[in-house]
Each structure stands twice: as C-alpha cells, then as structure tokens.
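Overview (structure and organization)
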Amino acid sequence: MTAGAEDRAAVLDRLFDVRGLGAVVTGAASGIGLAIAEVLASCGARVTLADADADGVAREAVRLAGQGADVRSAVVDVADPVAVDTVLREAAEVHGSLDVVFANAGMSAGPGPTTPDGQLTAVDQARWDRVIQVNLGGVFATLQAAARHVSDGGRVVVTSSIAGLAGDPMVGYAYAAAKAGVVALVHQASADLGRRGVLVNAIAPGSIRTNIAGGRIREPEVAEAFASATVLGRIGDPSEVQGLALFLASPASSYVTGATFTVDGGATAMRPLPAVRATPVVGALPG
Ligand SMILES: NC(=O)c1ccc[n+]([C@@H]2O[C@H](COP(=O)([O-])OP(=O)(O)OC[C@H]3O[C@@H](n4cnc5c(N)ncnc54)[C@H](O)[C@@H]3O)[C@@H](O)[C@H]2O)c1
C-alpha cells in the first residue's frame, strides 16, 4: 500500500457503510425489492421487508433471518396510505430509527399499444385506476410516511422505470404514466425534504428478470424482444440493481438528490429499433 493511502476496508466503510441503519423496502417479497432488501441486510442494515404478499414476504424474511440478517416482515398494500404510515412508524420503533426507505412496490398495467388490448380505446378503466393507485399513489403515500418518520439525513429511493422516461409501446398506459409521475414526485420531494438533509432519488430499471406481469419476461421470446432493445444484448438480473441501491442508501451518495438513474443495459442510450417503431400510415396527416 502507498504511504498515507487509506486502507481498502476503511474506504469501503467511509463510502458504503449502512450498518445499523433502519430500512423499509416495499415490494420486498420478490424481484428487485427482494434484491434491495438482501443487499441492505447483507451489509448490516436492519430491514423491514414490506409487501402485499403476506406468505411471500414472511417466507423471505425468515430465509434472510436464517442467514443471520436483522430483518422482519410487514404486510401492506401501498395503495392504503394509513397502512403505509403504520409500517414506517413501526419500523422506526422496532429498528430504533428509520433512515432508508425504498418505495419499490409496483405492478404491471398489462400490454401496451403494440397489442390491441393495450391500445387507447381498449384500456380497462378499473385496471387504469388500480395501477395509478399502486404505482403512483403508493409511492406518494410512501413519500408522505417517510416525511413523517425518516430521520434527518435519511434516504428515500423510488423505483421508477425507463418507461417513465421515454415512450415504451410494450407497457400499458397507466404504467408509463405512473412511472413518469413518480419521477416528478422525486423532484418535488427532494426540494421539500432537502431542508432536512433527506435525499430523494429514483432508480429507473430497464428489463429485469422478475415476477412482474406473472413473470412473462422469463419467456424466451419476450426476453429476446426486450434484450434486443439493449446495448448489452440481454435482460438484467435483480442482483444488478443492488449496487445502485446500496450507493443511494449509503454515504457515497451524500451530494446526490432529485436524480433518476437508469439500470437498463443501455436501452435508453439507443434510438428505437425497427421492431418497436410504428408502421407509417400513408395519408394519415390531416389535409
Ligand atoms: N422487472 C422489470 O423489468 C422492471 C422494470 C422497470 C421497473 N420495475 C419496477 O420495479 C418494481 C419491482 O417490480 P419487480 O419487477 O421486482 O416485480 P415483482 O412482481 O417481482 O415484485 C413486485 C413486488 O411488489 C409487490 N406488490 C405489488 N403490488 C403491491 C401493493 N399494492 N402493495 C405492496 N406490495 C405490492 C408484489 O407482491 C411483489 O412482491 C416495480 O415498481 C416495477 O414497476 C420493474
């Protein structure tokens, strides 16, 4: 080691130490939320895994606790603001403080305008309402509860999507609208909570192999279609969101707020591929 150089472990501790922090991750029974809860717990945070799937979240919390993690589970529908507030308040009590909140729970809105069922005239109103309640309202409820219960200097991280940053004809209207909406919520809340030193940021994943939409992305043709829209030529694994999640929860991101980070294998770096371009309609322009 060079004289005066900081020890490797000391550098990692200075930048990425989350030991003892109290955390809540919503949507933690599966996929990206579970991967986030796992990395925080592995690094020594005290984590509440919150999810609407009571069996799933209890099972994962027991599994992680069996590996020595300081974790517990809570059942919540993020569309219910009172229930969300209760989960965050109880987490603060049980963990001693609430320092990190991941507003990650979300659901699919079904197909997008590339298929007839996802086109404007076919969108089901009840499904639109539910997706907006969960994917936009649930994030707002989690931000509000975090504003009440998170410690000064804490972190709030929202899971958006690349479908909220640019048009994505593969996903449903409500999904795209909600994921764009949460980016705006992150802008607003970063200004609001910045005065308390609370940092608010968003992760915008591309195509990640999870159980969303019934795990459709695991089907080879679907995976291939999504993979072809990336620079890396493949879809991602939930574990590939862990590094960014840990960064946003840790001292390393102390001057980062109001930002949205893509984890998408380069999908947003590319112009649309022929497969997702609309077919030109001759004579469609007025006049
Ligand atoms: N997988 C992807 O390609 C992808 C891409 C961009 C964004 N996202 C977003 O990532 C987040 C996590 O999704 P995922 O892909 O890991 O899917 P997933 O289905 O594997 O996990 C989502 C979890 O959220 C829970 N959940 C759903 N509705 C809930 C509610 N109302 N209250 C509480 N919990 C609820 C589910 O029970 C599930 O455990 C979502 O916000 C999703 O929109 C996923």
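The structure under discussion appears in the preceding block.
Treat the numbers as computed from the prediction; the structure is a model and nothing was measured. (Residues numbered from 1 in each chain as written. Predicted model: local features only at pLDDT ≥ 70, side-chain atom pairs only at ≥ 80, totals over all residues.)

Here's the deal with the overall build of the protein chain
Applicable threshold: In DSSP terms, a helix is any run of H or I states spanning at least four residues, a strand is any run of E spanning at least two, and both are numbered starting from the N terminus. Counts of 20 or more other C-beta atoms within 10 Å of a residue's own C-beta define buried residues, counts of 12 or fewer define exposed ones, and intermediate counts define partly exposed ones; C-beta atoms are placed from the backbone. We call two residues in contact if the C-beta atoms placed from their backbones are at most 7 Å apart.
A count of helical and extended segments in the protein chain gives nine helices and seven strands. Overall size of the protein chain, expressed as C-alpha extent along the three principal axes, is 70 × 50 × 40 Å. The buried share of the protein chain, taken over its 287 residues, is 46%. Contacts spanning at least 24 positions in sequence make up 75% of the contacts within the protein chain whose residues lie at least 6 apart.

A look at the site of the ligand
Rule in force here: Contact assignment follows one rule, namely that a residue is near a molecule or strand if its backbone-placed C-beta atom lies within 6 Å of it.
The full set close to the ligand counts 29 residues, and Gly27, Gly31, Gly106, Ser161 and Thr210 are the nearest of them. Residue assignment for the shell around the ligand shows that the elements contributing at least two residues are helix 2 (31-42) and helix 5 (125-149).

Observations regarding the pairing of strand 3 (residues 71-75)
Spelled out, the test is: Whether two strands pair comes down to DSSP finding at least two bridges between them. When the strands point away from the viewer, a crossover counts as right-handed if the path from the first strand over the helix to the second runs clockwise.
Burial analysis of strand 3 places four of its five residues in the buried class, which makes it a mostly covered element. Where strand 2 (residues 46-51) meets strand 3, five bridges bridge the pair, whose relative direction is parallel. Note that in strand 3 the partner of Val47 across the bridge is Val71. Read as a crossover between parallel neighbours, the route from strand 2 over helix 3 (residues 54-66) to strand 3 is right-handed.

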